[in-house]
Amino acid sequence: MRARARITGVGEIAPTRYTEGETVTTFVARVAHLAMTDAGLEPGDVDGLIVQNLADAPFMGASVMAEYLGLSATYLDMVDLGGASAGVMVVRAMAAVHAGLADHVLCVTAVPNERVAPRAVGMPSTAAAGYKNRSAQGEWDVPLGATGGTFAYAMLAQATMARCGVTGEHLWQIVDTARTNASRNPAALLFDQPITRDEYDASPPTCSPLREADSIVSCAGAGAVVVSRATLRSNGAGSPISILGAGERHAHRGIAQIPDIAVSPNADACRRAFAMAGVAPADIEVAHVYDAFSSLVPRALAEGGFVAAPEVGAWMTAHGLGSESPLPVNPFGGLLGAGHAGVAAGMSLVTSLVHQLQGRAGPVQVGLPRLGFVNSTGGEMSTNVALVLAREEG
Amino acid sequence: MAASDPFWAAAAEGRLNLQWSTAADRAVQYPRSVSPYAVDDAVEWRAVTPRAVVLASTIVHRHSHPEFQVLCPFGLAVVETEAGSARLMARFDASLDLHPGDSVDIEFRGEPPMVWVTRTE
């Protein structure tokens, strides 16, 4: 049987007792370039990257390394399986190519051995010095106070409001809808915490144009799914929910490096998911979007292709986002209403959508939708994923 | 030696020097040990006029870290240099009403130097 994936380039750096002036980042970059050169590829050709657990970048390391290498990726992964990691990277790359997620996946392992531990670069402030992150963000953003994420989403909100006809009234509408939905969901963190307009207006500004009430409340939580081969009979308690389409796009790590702040890489992640699914945004009956900040909802409506960007604000005013809307958004309360449990927040969007499509959403069930959409983002709109899910009959 | 050492050395003297990609004829910012544009790229350092345009801005009113909370309110901007299209994160004074599209001058304040911007006169 003809293989669907082939190794087209190899990079090797000969073993030495010690490296000279290499960090994990520079050593990864060096051997990555050797492999790309051998493959006859430029950074712009490589759309997948798989890395080891990276000491220089303890958070979102694959995203950090992709940005460093200048890659715009539709597949990112990190394999931390000891001695088998490298071989498993090749398996993951084969599966990614086979699934149509990427064309050229770079798999990189690099282990320097310096006589003296590398110094942290460009970290003048106390806060930055304590910041273990030796990535670009640690050098260029942290010392300025550009940390914590809110500042980046505030900048993204600035662009969204300019592009999408969105005002503070719409941000209030999103928060109001989320809290109202949450009030119908006993499992929501803010189930019993409604917010009035006066309370919203009095909510302190965090990073302009956002207020504290425009952002999530962090909490504990957990979620898991089982993804099974479609040809297997399901013994599940609920109807099996098909993954019709999936898409990713990760083109930067720090917001200063975003290719276009008006139209983020999330737009391409959504486009890829719909293309794989063979359905259009207009076919979607319920959308679960990553409302870590209220301003991300109108951006998702535009970038998901649901509403033309300049018309988003007017559309929200005319149709709303609640159960009566032609496109209900986050009927379970969303992250704003149900709570944001760190990396588990994105899973809550998936599990609650599965329940919605299965008719198991209880008090927040909105009709019996067949086709749903999940869109999540991470970092500083750095990592983006979209899924098209469906309850297929028969 | 880190790839960014020449940037900070020039910044300490008030000058904007950028790593430059010959293959792409544009700046590499942030500077790094390999070119993000090409596998075969002659990278050099160039002195450039410290002029940029604001792409995004925000005023930080509250910060989760105490060291930065005491500095609130302060401005953060993403700017793109006129020469080389380098992207930089920059601090600006909260009293400035900076918006996307504004022309700004890049300067370096403090020791060690930090990237600041002011509105171009």
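Note that the structure is predicted; figures quoted are calculated from it, not measured. (Residues numbered from 1 in each chain as written. Chains lettered and ligands numbered in written order. Predicted model: local features only at pLDDT ≥ 70, side-chain atom pairs only at ≥ 80, totals over all residues. Heavy atoms only, no water.)

## Structural notes on the nonpolar core
One recurring pattern in soluble globular proteins is that nonpolar side chains are buried together.
Inference 1: Counting residues in each nonpolar core, the largest one holds 86 residues, and the members touching the most others are Phe151(A), Met155(A), Ile255(A), Leu301(A), Phe373(A), Val388(A) and Met89(B).
Inference 2: If one sorts the elements of this core by residue count, helix α6 (residues 150–164) of chain A sits on top with 9 residues.
Inference 3: Those residues within four positions of Val388(A) in sequence are excluded, and the remaining contacts are Ser242(A), Ile243(A), Leu244(A), Gly245(A), Ala273(A), Phe274(A), Ala277(A), Val279(A), Ile284(A), Leu371(A), Gly372(A) and Phe373(A).
Inference 4: One finds Val48(B), Ala77(B), Val79(B) and Leu88(B) within the second-largest nonpolar core, a separate group that totals 51 residues. (Core = buried A, V, L, I, M, F, W, Y, C linked by side-chain atoms within 4.5 Å. Buried < 20%, exposed > 50% of the residue type's maximum accessible area, 1.4 Å probe, protein only. Helix = DSSP H or I, 4+ residues; strand = E, 2+ residues; numbered from the N terminus. Contact = heavy atoms within 4.5 Å.)

## Quick word on the pattern of salt bridges
Residue and element names in this part refer to chain A.
Inference 1: Scanning the model with the defined rule gives 14 salt bridges over all chains in all.
Inference 2: Between Arg-30 and Glu-22 there is a salt bridge whose closest N-O contact spans 2.6 Å.
Inference 3: Overall, the relative accessible area of 45% leaves Arg-30 in the partly exposed class.
Inference 4: A relative accessible area of 8% means that Glu-22 is categorised as buried. (Salt bridge = Lys/Arg side-chain N within 4 Å of Asp/Glu carboxyl O.)

## A closer look at unusual backbone geometry
Inference 1: Put simply, Cys72(B) and Pro73(B) share a cis peptide bond, and its omega is -5°.
Inference 2: Summarising the element assignment, Pro73(B) is placed in the loop between α2 (66–69) and β5 (74–81).
Inference 3: Put simply, Glu111(B) and Pro112(B) share a cis peptide bond, and its omega is -5°.
Inference 4: Counting through the fold element by element, Pro112(B) comes out in the loop between β7 (103–109) and β8 (114–119).
Inference 5: Non-glycine residue Asn330(A) carries a positive phi angle of around 50°.
Inference 6: Its place among the elements puts Asn330(A) in the loop between α11 (312–319) and α12 (334–338).
Inference 7: Of note in the backbone geometry, Ser85(B) takes a positive phi value of approximately 55° without being a glycine.
Inference 8: With respect to the secondary-structure elements, Ser85(B) resides in the loop between β5 and β6 (87–92).
Inference 9: For Ser85(B), a relative accessible area of 28% gives the class partly exposed.

## What to know about the environment of Ala3(A)
All names here are of chain A.
Inference 1: By secondary structure assignment, the location of Ala-3 is in the segment before α1 (24–39).
Inference 2: Exposure remark for Ala-3: the relative accessible area of 53% places this residue in the exposed category.
Inference 3: Counting along the chain gives 201 residues from Ala-3 to Pro-204, while the straight-line C-alpha distance between them is 58 Å.

## Observations regarding α6(A)
Inference 1: Along its 15 residues, α6(A) runs 20 Å from first to last C-alpha, staying within 8% of the 21 Å computed at 1.5 Å per residue.
Inference 2: Of all 15 residues in α6(A), 11 are buried; the element is thus mostly enclosed.
Inference 3: Within α6(A) the residues assigned to the buried category are Phe151(A), Ala152(A), Tyr153(A), Ala154(A), Met155(A), Leu156(A), Ala157(A), Gln158(A), Ala159(A), Thr160(A) and Cys164(A).
Inference 4: Turning to α6(A), the residues buried within the fold contact α10 (296–303), α11 and β6 (371–378) of chain A together with β4 (51–60), β5 and β6 of chain B. (Expected span 1.5 Å × (residues − 1).)

## A short note on the environment of Tyr200(A)
Residues and elements named next belong to chain A.
Inference 1: Topologically, Tyr-200 is positioned in helix α8 (residues 197–202).
Inference 2: When the C-alpha positions of Tyr-200 and Asp-176 are compared, they lie 9.0 Å apart, and in sequence the two are 24 residues distant.
Inference 3: Residues within four places of Tyr-200 in sequence aside, it is in contact with Gly-168, Leu-171, Trp-172, Val-175, Ile-195, Arg-211, Ala-213 and Asp-214.

## Some thoughts on the sheet that holds strand β7 (residues 383–390) of chain A
Residues and elements named next belong to chain A.
Inference 1: Pairing in this open sheet of 4 strands is mixed, and the strands run β4-β7-β6-β5 from one edge to the other. With one partner strand each, in any of the chains shown, β4 (242–249) and β5 (286–289) form the two edges of the open sheet. Along the sheet, successive strands turn relative to each other by an average axial angle of 15°, direction set aside.
Inference 2: Pairing geometry for β4 and β7, over 7 bridges, is antiparallel. Residue Ala-246 lies in a different strand from β7, and its bridge partner there is Leu-387. (Pairing = 2+ DSSP bridges. Axes fitted to C-alpha atoms, helices over the stretch in contact; angles between N-to-C directions.)

## With respect to the packing of α10(A) against α11(A)
All names here are of chain A.
Inference 1: Direction vectors running N to C along α10 and α11 enclose 105°, while the axes themselves pass 10 Å from each other. Classified by the interaxial angle, the pair formed by α10 and α11 is roughly perpendicular. Along its contact with α10, which presents Pro-298, Leu-301 and Ala-302, the element α11 presents Val-312, Trp-315 and Met-316.
Inference 2: Split by residue class, the contact of α10 with α11 holds 6 nonpolar, no polar and no charged. (Parallel < 35°, antiparallel > 145°, perpendicular 65-115°, else oblique. Nonpolar A, V, L, I, M, F, W, Y, C, P; charged D, E, K, R; others polar.)

## Looking at the interface of chain A and chain B
Inference 1: With 45 residues of chain A at the contact, the number on the chain B side is 41 residues.
Inference 2: If you sort the residues of chain A by the area they bury against chain B, Tyr68(A), Trp140(A) and Leu144(A) come out on top, with a joint share of 21%.
Inference 3: One can count 1 salt bridge joining chain A with chain B.
Inference 4: As a salt-bridge pair, Arg62(B) and Glu212(A) come within 2.6 Å of each other at their nearest N and O atoms.
Inference 5: Considering every element that reaches the side of chain A that touches chain B, the biggest residue donor is α1(A), with 6 residues.
Inference 6: Taken together, the residues of the side of chain A that touches chain B sort by class into 26 nonpolar, 12 polar and 7 charged. (Buried area = accessible area lost by both parts, 1.4 Å probe.)

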